[in-house]
Every structure is written in structure tokens, then in C-alpha cells.
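Take a look at the letters that make up each chain.
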Amino acid sequence: MFAFRGVDYLEIDSLLNDQEKLVRQTVREFVDKEVLPSIEEWNREGKFPRHLVPLMAELDFYGANLEGYGCAGMSNVEYGLIMQELERGDSGLRSFVSVQGALVMYPIHQYGSEEQKQRWLPALHEGRAIGCFGLTEPDFGSNPGGMRARAVKDGEHYVLNGEKAWITSGTIADVALVWARAEDGIRGFLVERGTPGFTSKDIKGKFSLRASVTSSLALQDVRVPASSMLPKAKGLPAPLSCLTQARYGIGWGAIGAAMACYNEALEYAKVRKQFDDKPIASHQLVQAKFADMITEITKAQLLALQVGRLKDRGRADFAHVSMLKRNNVKMALETARAARDILGANGVADEYPIFRHMCNLESVYTYEGTHNIHTLIIAERVTGIPAYK
Ligand SMILES: Cc1cc2nc3c(=O)[nH]c(=O)nc-3n(C[C@H](O)[C@H](O)[C@H](O)COP(=O)(O)OP(=O)(O)OC[C@H]3O[C@@H](n4cnc5c(N)ncnc54)[C@H](O)[C@@H]3O)c2cc1C
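Residue numbers restart at each chain and count upward from 1, following the sequence in its written direction. Where totals are concerned, whole chains, interfaces and linings use all residues; where local detail is concerned, this predicted model gives features only for residues with pLDDT of at least 70, and gives and counts side-chain atom pairs only at 80 or more. As a convention, hydrogens and water are excluded, and side-chain values are obtained from all of the structure's heavy atoms.

### Some words on the overall build of the protein chain
Quick reminder of the rule: The helix and strand labels rest on DSSP assignments: H or I over at least four residues marks a helix, E over at least two residues marks a strand, and numbering proceeds from the N terminus. The globule rule is 2.2 Å times the number of residues to the power 0.38, and the radius of gyration it is compared with is taken over C-alpha atoms. Summary of the burial criterion: residues with accessible area below 20% of their type's maximum are buried, those above 50% are exposed, and those between are partly exposed, where the area comes from a 1.4 Å probe applied to protein chains only. Any pair of residues with heavy atoms lying within 4.5 Å of one another is described as a contacting pair.
In terms of regular secondary structure, the protein chain is built from 11 helices and 7 strands. Taking 21 Å as the expected radius of gyration for a compact globule of 389 residues, we find that the protein chain reaches 21 Å, a close match to that expectation. Taken along the three principal axes of its C-alpha coordinates, the protein chain extends 80 × 45 × 40 Å. Counting across all 389 residues of the protein chain, residues that qualify as buried make up 55%. In the protein chain, 75% of the contacts between residues at least 6 apart in sequence involve partners at least 24 apart.

### Here we look at the packing of aromatic side chains
Put simply, the test is: Two rings belonging to Phe, Tyr or Trp (six-membered ring only in the last case) form a pair when the distance between their centres is within 6.5 Å. Interplanar angles under 30 degrees mark stacking, angles over 60 mark edge-to-face geometry, and anything in between is tilted. Two conditions define a charge located above a ring, namely a distance within 6 Å from the ring centre to NZ of Lys or CZ of Arg, and an angle within 35 degrees of the ring normal.
Evaluated as defined, the whole model comprises 8 aromatic pairs. When the ring of Y268 is compared with that of Y352, the centres are 5.8 Å apart and the planes differ by 85°; the resulting orientation is edge-to-face. Highlighted residues: Y268 in helix α7 (residues 237-271) and Y352 in the loop between α9 (318-342) and α10 (354-366), separated in sequence by 84 residues. Each of the two residues, Y268 as well as Y352, counts as buried. Taken together through their ring pairs, the aromatic side chains of F48, Y62 and F96 make up a single cluster. Against the face of Y248 rests K311, its NZ or CZ located 5.4 Å from the ring centre. Its end group placed over the ring of F318, R381 keeps NZ or CZ at 5.5 Å from the ring centre.

### Remarks on unusual backbone geometry
One non-glycine residue, W166, lies in the positive phi region at around 60°. You can call W166 exposed: its relative accessible area is 54%. Residue D276 is not a glycine yet carries a positive backbone phi of 55°.

### Topic: the side chain of E78
What counts here: All tallies of charge rest on Lys and Arg as positive and Asp and Glu as negative; His and the ends of each chain are not included. For this analysis, a salt bridge means a side-chain nitrogen from Lys or Arg found within 4 Å of a carboxyl oxygen belonging to Asp or Glu.
Position of E78 among the secondary structure elements: in helix α4 (residues 76-89). Of the side chains with opposite charge, R309 lies nearest to the buried E78, which makes no salt bridge, at 7.6 Å. In contact with E78, not counting residues within four places along its chain, are Q19, E20 and V23.

Right, dumping it as C-alpha cells:
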């Protein structure tokens, strides 16, 4: 394995400050030491590396851009760089951290009561508790507003019924943030593991994100205290705002997966020889692929950095984040496919990381708003006309 030195064609490092570079280097070393030596094995076995949960907590990965309750209070660019480096290791690991921070800690931080914050945020930040985010249902993915899960008030309690599908970390979560339709609209409930009527099971047979747990949740007459509802999360905009946080991190993360594939293909193409004992990197059609890959990675880096700087100034909104997620995940998937091709037959073997990244990115392309849905969000922003239905 070669030492990863980053991908920086346009001196983008000169746009980062020392603190940002330090955060990136810390995560880079963590991934080199703790993830890369074993990731292919975990991926092959379909095993989530649970032993990394406390190590990542020590490094402040969970809710890194949140303030208070023990959180690191990093800038959004620093947070993005964490996601980038983690996904250079594996999208599954980055997914775990995204869900924990952006989809569980963020909503509690943003919409929770003081009691909920005190109870959950330090535990989630320290990795003593794991969270999951239950929005998608078997019949409602791109259109979560159609959800069937119901919350019915009964005195000082709510009774929850419904099913959630494709939930990251579902079976390992100590607390599930479940979105359900109540009398006054969609509301979020913190449902603890072991609550009677609440069950979860893993989705087996995934070709993608194999080092991440993905589960179904079932709620059958689950009785939770009214105090488990997030008091300030009212209506669909609340879960959508959480998705904006997670999508922002994904936009950065995809760059990491792309960099890993690009680097692997470059190293390979310089030593693999075909025709007249010449490295395949010297053939023009292979060179064209590298020109495309590095150009697209560079554009993606600039896009992520600009959205990050805007977010740090409180100026990034969901439609900016849609452009970041849509462009960068598509770029990463296309980079992985091109890199796979450059490795020829070796590209399909898990001795190399490319096929794993490529398979992972198929999920990343679909979750957190599919590519199509982000197309519609961006187009709505510029035309003023929604075209979802
Ligand atoms: C590994 C993995 C982990 C996940 N983790 C979570 C999680 O932690 N929590 C959670 O709540 N969900 C999670 N999801 C679910 C994910 O968010 C959904 O899969 C996603 O929103 C898409 O929904 P769907 O799969 O039902 O596809 P559908 O909505 O059925 O879409 C299928 C296809 O139709 C297209 N389509 C749909 N509507 C339109 C339209 N109006 N215009 C054009 N095209 C359209 C889509 O773009 C897509 O190509 C996860 C998914 C995966 C694969």
C-alpha cells in the first residue's frame, strides 16, 4: 500500500487554515491505521467494526460541528474534512458517523428539550449510546411526507405504530429517532431500545455498505411518554432539515471515496504494462480518464469548500447542499467506475478498494435524497417551479 498524500491539483490546500489541515491529518492517520488494514475483511464478512465506536468518540467525530454538551464545536469545513477522510476509508463508516451526528445529535440539539439534550447528547458524543434515524418506510422513500407511521396521544403518552425501512444502525441503536404522523403533523420521537412493541432486524444480502448496519424497524403499539417527543420539531421541514445536515457531510465524504479510487488507479496505471512494455498510464485513452477524474475531483473540492464556507457564515441552505450532494456523489461514482476499468480484471477483486467504493457509492447515490430528487430541488430553485409530482 502507498502512503496517501492527498489529491490537490489546484493548490486547494492554500485555501485551508492550519486547524483545518490538522483535523484532516488526524482523521487521515486514523483511517490509515485503524480502517484500511481491515476494511476489506469487514466488508467481505458484512461486519460493522463496532470496536471503532469509542475510538472515533475520542477523536470527537460525533456531532463535531455542534456546540455544547461536550461536542467539539468545530467549523463546518473541519467537519466536512472529517467526513471526507472517513469516506476515503469506507462510506459505511462515514454513514455511521453521519447518522450519529447529523441525524440523531443534530435534531436533539436543534429541536429537543433541555432534558433530552442533557440525557442524550453527551452519551451520543462519547459513543456510550448509538442512535438511528427512522424516516424511510417500505412504501415511502423519496416522498417521506406520505408516511404511514402514526402517533396517537393517550394521556401523557403517545402510542406509535408503523414500519421503517433501510435504517442505518437500526439494530445496534440504543435510541431511534422515529418520525410519525400525529394529530398536529409529523413529529419526532426518541424511542429507546427495549421499549415493548419496538423491534428491529437487519437487512441481509446487501452488495453495498457492507461494513454498515442497515435495518428495518417495526413499531407495534409502542407506548412512549409524551416527553420523548422532540418538542420543537413540527412537520416535515424538521426531518428535512436534519437531512440537509447529513447531505452536507456526504458531499464532502464522496470526495474521499473518489480520491481513494483515483489514487489507486494512478499508482496501478504507472506500473501495469501492456503493449511494448509500456505502462498503461502512457496510453492516451487511459490518460483521458485521468484528466477527467482529476478535473472532476478538483471541481468537487471547490464546491464542497464554498458550501462549507457559506455554511460557516450561516448562508448555506438546502438547495446549495443539494448541488453539493448531487454533483459530488455522481462524480465519485463515475470516478470509481473509471478507476475500476483502469484496473482491468483486478478492478473487480477486493484486493483493491475500488469495487467496494463503487458498490458503496450506489447507496450513497440513492440515500439522503436520490440523485433525481436533488435534480428537482436545484431546478425548483432556479425555475421557481416544483416538479416532484
Ligand atoms: C444503505 C442505505 C442506508 C439508508 N439509511 C437510511 C436511514 O438511516 N434512515 C432513513 O430514514 N432512510 C435511510 N435510507 C433510505 C433512503 O433514504 C431511501 O432509499 C431513499 O430516500 C430513496 O427511497 P426509495 O429507496 O424508497 O426509492 P424511491 O423513492 O422508490 O425511488 C426509486 C427511484 O425513483 C426515482 N423517483 C422517485 N420519485 C421521483 C420523482 N418525483 N421524480 C423523478 N424520479 C423520482 C428515484 O430518484 C429513484 O431513482 C437508506 C438507504 C440505503 C440504501
